[in-house]
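Chain by chain, the residues run as shown.
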Amino acid sequence: MPESTLSSLSGRTVLVTGATSGIGYETARHLVERGATVLLHGRTTEEALAAADRLAATAALDAPQLRAYGADFAHLDEVETLAAKVVAEHPHLDVLVNNAGMAAPERHTVTADGNEIAFQVNFLAHYLLTCLLEPALTSDPGGRVVNVSSALHRTGSISWADPNRARRYSRLAAYAQSQLALTVFAADPRVTAVSVHPGVCDTALLPLYAHEGTSPAEGADHVVRLCDPAVEIVNGAYYDRAERVDPAPAAKEDRTVKRLNKLADLLVGRTA
């Protein structure tokens, strides 16, 4: 999007998960520079505060424009605490950017909550966070969710009988499953949401894709564009960088959306 067409985001509040590095950090930077109040999430409060300090040093910012929050998505109770803090301090939230992510480890790893770690960090934590933030996101018309997904969701399948993939584990299959679930979740009707593949970028996830990638700032451009209220979105839409394209067929099936929500509610301990 050319610089001349960028609109001010002053007065808008955006929560960016995984905002201490990579695409999340650059997304937060772009949003702050355009006037948004950014709630910057990191795995720990200390990491989030350090990232906020780095951002504040790059531009003249009003103190309230950046807020730091910590929550380790490998622990769902920390996600619940994060959501409660955000709703208490920001009862109106314009945008939630579900960006935090990790590569599935080489060895099958289960969290204290009993879930395969990539499925929990990349999808279940964001599912829970989005559900808990629904009152803030829908307090006024126009609230939206932007899921930072991956083109690898097309290679994935959801193992309904064994979502932890305990019987047959592959780190690539586990990662693809988490990205497919995140993309399917965008079609949930409760909050208007879209998914975006920001391109292959030079971040910690690069080895999953290629040897070289574009800059995180370039990937963040595609995320920030979808945060702009001037950009009209359709619930469940999927973007490959700036272009709206069809996602994997499963992401367009109402039955799959409902089945995934039922599974996710079970795994995060929510009652439907």
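Structural data are supplied above this passage.
Analysis parameters
- Residues numbered from 1 in each chain as written.
- Predicted model: local features only at pLDDT ≥ 70, side-chain atom pairs only at ≥ 80, totals over all residues.
- Heavy atoms only, no water.
- Helix = DSSP H or I, 4+ residues; strand = E, 2+ residues; numbered from the N terminus.
- Buried < 20%, exposed > 50% of the residue type's maximum accessible area, 1.4 Å probe, protein only.
- Contact = heavy atoms within 4.5 Å.
- Areas by Shrake-Rupley, 256 points an atom, 1.4 Å probe, with all protein chains shown as cover.
- Phe/Tyr/Trp six-rings, centres within 6.5 Å; stacked < 30°, edge-to-face > 60°.
- Right-handed = clockwise from strand over helix to strand, strands pointing away.
- Pairing = 2+ DSSP bridges.
- Axes fitted to C-alpha atoms, helices over the stretch in contact; angles between N-to-C directions.
- Core = buried A, V, L, I, M, F, W, Y, C linked by side-chain atoms within 4.5 Å.
- Bend = angle between axes of the 7 residues up to and from the residue.
- Polar contact = N/O pair within 3.5 Å; in protein donor to acceptor, adjacent residues only side chain to side chain.
- Salt bridge = Lys/Arg side-chain N within 4 Å of Asp/Glu carboxyl O.

Caption draft 1: Expanded view of the overall build of the protein chain. Regarding its fold elements, the protein chain presents seven helices and eight strands. Counting only residues that meet the buried cut, the protein chain has 51% of its 272 residues in that class. Across the protein chain, the fraction of contacts at a sequence separation of at least 24, relative to all contacts at a separation of at least 6, is 74%. Total accessible area computed for the protein chain in this model is approximately 12000 Å², and 50% of it derives from carbon and sulfur atoms.

Caption draft 2: Molecular detail of the packing of aromatic side chains. A full pass over the atoms with the stated rule returns four aromatic pairs. Ring centres of F119 and F123 lie 5.4 Å apart, and the angle between their planes is 45°; on these two criteria the pair is classed as tilted. Of this pair, F119 and F123 both sit in helix α4 (residues 117-137), four residues apart, roughly one helical turn. In this structure, F119 and F123 share a single accessibility class: buried. For the ring pair F123 and Y127, a centre distance of 5.9 Å and an interplane angle of 50° mean the geometry is tilted. Of this pair, F123 and Y127 both sit in helix α4, separated by four residues, roughly a single helical turn. Comparing F123 with Y127, the two get one shared label, buried. Three or more aromatic residues joined by ring pairs make a cluster, and in this case those are F119, F123, Y127 and F185.

Caption draft 3: Region of interest: the pairing of strand β1 (residues 13-16). Residues T13 and L15 point to one face of β1 and V14 and V16 to the other, with burial holding for every one of them. Read from β1 through helix α1 (residues 22-33) to strand β2 (residues 37-42), the crossover connection turns out right-handed. Relative to strand β4 (residues 95-98), β1 runs parallel, the two being bridged by three bridges. Residue L15 lies in a different strand from β4, and its bridge partner there is L96.

Caption draft 4: View of the sheet that holds β2. Pairing is mixed in the open sheet, where eight strands are placed in the order β3-β2-β1-β4-β5-β6-β7-β8. Bordering the open sheet on either side are β3 (66-70) and β8 (243-245), each of which pairs with just one other strand. Here the strands of the sheet are splayed against their neighbours by 25° on average, with no regard to which way each runs. One ladder, built from four bridges, connects β1 with β2; its direction is parallel. Considered in β2, the bridge of L15 is made with L39. Here α4 sits on the sheet in contact with β1, β4 and β5 (144-148), set at roughly 175° to β4. Helix α6 (residues 216-227) rests against β4, β5, β6 (193-197) and β7 (238-240) of the sheet, and its axis sits at about 165° to β5.

Caption draft 5: Broad picture of the nonpolar core. The biggest cluster of nonpolar side chains holds 43 residues, and the ones touching the most others in it are L15, F73, V86, L93, F123, L129 and L133. Sorting the residues of this core by element identifies α3 (76-89), α4, α5 (171-185) and α7 (254-268) as the ones contributing at least two each. With 13 residues, α4 is the single largest residue contributor to this core. Those residues in contact with L133 that sit more than four places away from it in its chain are L15, A83, V86, V87, L93 and L96. L31, A48, V148 and I233 belong to the second largest nonpolar core, which has 32 residues in total.

Caption draft 6: Spotlight on the environment of M102. With respect to the element layout, M102 can be found in the loop between β4 and α4. M102 sits in the partly exposed class, given a relative accessible area of 21%. Residues M102 and Q120, spaced 18 residues apart in sequence, show a C-alpha to C-alpha distance of 10.0 Å.

Caption draft 7: Spotlight on α4. When the local axis directions of α4 are compared, the greatest deviation, roughly 35°, occurs at C131, which is followed within four positions by the proline P135. Counted residue by residue, α4 has 18 buried out of 21 residues, so it is predominantly covered. For α4, the side-chain oxygen to backbone nitrogen distance between the N-cap and A118 is 3.0 Å, and the N-cap itself is E116.

Caption draft 8: Focus on the pattern of salt bridges. Enumeration according to the criterion identifies eleven salt bridges in this entry. Among the ionic pairs, E33 bridges to R29, the shortest N-O distance being 3.1 Å. A residue pair is termed a helical-turn pair when its members lie 3 or 4 positions apart in one helix, as E33 and R29 do in helix α1 at four residues. Accessibility expressed as a relative area gives 45% for E33, which makes it partly exposed. Note that R190 is salt-bridged to D188, the shortest N-O span being 2.8 Å. Judged by relative accessible area, which is 4%, D188 ranks as buried. One network of salt bridges, with partners in common, ties together E26, R29 and E33.

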